[in-house]
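Structural description and commentary
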Amino acid sequence: MPSLFTQIIQGDLPGRFVWEDDQAVGFLTIEPLTPGHTLVVPKLEVDHWLDLSPNLVAHLTNVSHKVGESIHDAFGMRRVGVVIAGFEVPHVHVHVFGANQMSDFDFTRVNLNASREMLDESADKIRKELAKAGHPEVVEHR
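What comes next concerns the included structure. Quantities reported herein were computed from a predicted structural model and do not represent experimental measurements.

Reading guide: rules and limits
- Every chain's residues receive numbers from 1 upward, in the order its sequence appears when written.
- The predicted origin of the model limits local features to residues at a pLDDT of at least 70 and limits the giving and counting of side-chain atom pairs to 80 or more, whereas totals for whole chains, interfaces and linings rest on all residues.
- Side-chain figures throughout are based on the complete set of non-hydrogen atoms in the structure, without hydrogens or water.
- Strands here mean DSSP runs of E at least two residues long; helices mean DSSP runs of H or I at least four residues long; both are numbered from the N terminus.
- Residue burial is assigned from relative accessible area. The probe radius is 1.4 Å, only protein chains are included, and a residue is buried under 20% of its type maximum, exposed over 50%, and partly exposed in between.
- We call two residues in contact whenever any of their non-hydrogen atoms come within 4.5 Å of each other.
- Surface accessibility in these figures is a Shrake-Rupley result with a 1.4 Å probe; residues are shielded only by whichever protein chains are displayed.
- By nonpolar core is meant a set of buried Ala, Val, Leu, Ile, Met, Phe, Trp, Tyr and Cys residues that side-chain atoms within 4.5 Å join together.
- Between Lys or Arg on one side and Asp or Glu on the other, a salt bridge is scored when a side-chain nitrogen of the former is within 4 Å of a carboxyl oxygen of the latter.
- Stacked, edge-to-face and tilted labels apply to pairs of Phe, Tyr and Trp rings (six-membered ring for Trp) whose centres lie within 6.5 Å, assigned for plane angles under 30 degrees, over 60, and everything in between, in that order.

Let us look at the overall build of the chain. Secondary structure assignment for the chain yields 3 helices and 5 strands. Put simply, the chain runs from its N terminus to its C terminus through helices and strands in the order α-β-β-β-α-β-β-α. Across its three principal axes, the chain shows a C-alpha extent of roughly 35 × 35 × 30 Å. In the chain, which comprises 142 residues, the proportion classed as buried is 46%. When contacts within the chain are restricted to residue pairs at least 6 apart in sequence, those whose partners lie at least 24 apart make up 59%. As displayed, the chain has an accessible area near 7,800 Å², and 53% of this comes from carbon and sulfur atoms.

Here is the structure:
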């Protein structure tokens with residue numbers, strides 16, 4: 001059975017996409033640590049990031065950097081964090097999120113009640129910054 005993320009990528013489940021290219025997508029998590037928390041996910045379904053090719057790891061890092069710059073510009077937080085954990089869904093994903101302090105990295109503090117409006121607004125802010133930076137991979141609506 002396809003992973004939850006493969007189902008989102010294939011359009012079988014909804015997602016708030018902000019990025020798409022031939023190898024990866026970026027969409028907001030429904031349980032953000034901070035506003036704009038985005039998951040950068042390879043289209044190839046692989047469970048552990050060590051099983052990815054070095055080229056795909058480099059691509060995901062590059063996409064995460066671009067998305068991270070947009071999160072930083074959109075939300076003005078002190079830092080942008082990146083975490084590859086891989087315990088929640090057996091499909092590699094890079095968490096990219098704004099952070100003002102180390103406690104912002106505490107996954108026990110995710111917002112379990114993020115409103116649709118807040119998530120939509122956050123996605124729109126990231127898309128706007130990606131477009132402003134000239135990235136043609138920005139996804140307006142999917």
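The biggest cluster of nonpolar side chains holds 19 residues, and the ones touching the most others in it are Val18, Val40 and Leu60. Elements supplying a minimum of two residues to this core: β1 (17-20), β2 (24-28), α2 (54-75), β5 (94-99) and α3 (116-132). Element by element, the count of residues in this core is highest for α2, at 5 residues. Core analysis: the second largest hydrophobic core is formed by 10 residues, Phe5, Ile8, Phe17 and Leu39 among them.

Below, the discussion takes up the pattern of salt bridges. Throughout the structure, instances matching the rule amount to 5 salt bridges. As a salt-bridge pair, Lys43 and Glu20 come within 3.0 Å of each other at their nearest N and O atoms. Pair noted here: Lys43 is in the loop between β3 (38-42) and α2 and Glu20 is in strand β1, with a separation of 23 residues, a long-range link. Here Asp124 makes a salt bridge to Arg127, at a shortest N to O gap of 2.6 Å. Placement of the pair is Asp124 and Arg127 together in helix α3, with a separation of 3 residues, close to one helical turn.

Tallying each qualifying case throughout the model produces 4 aromatic pairs. Note on Phe97 and Phe105: the rings are 5.0 Å apart at their centroids and 70° apart in plane angle, and the pair reads as edge-to-face. By relative accessible area, Phe97 is classed as buried at 0%. Since its relative accessible area comes to 29%, Phe105 is described here as partly exposed. Every member of this aromatic cluster is reached through a ring pair, and the members are Phe5, Phe17 and Phe27.

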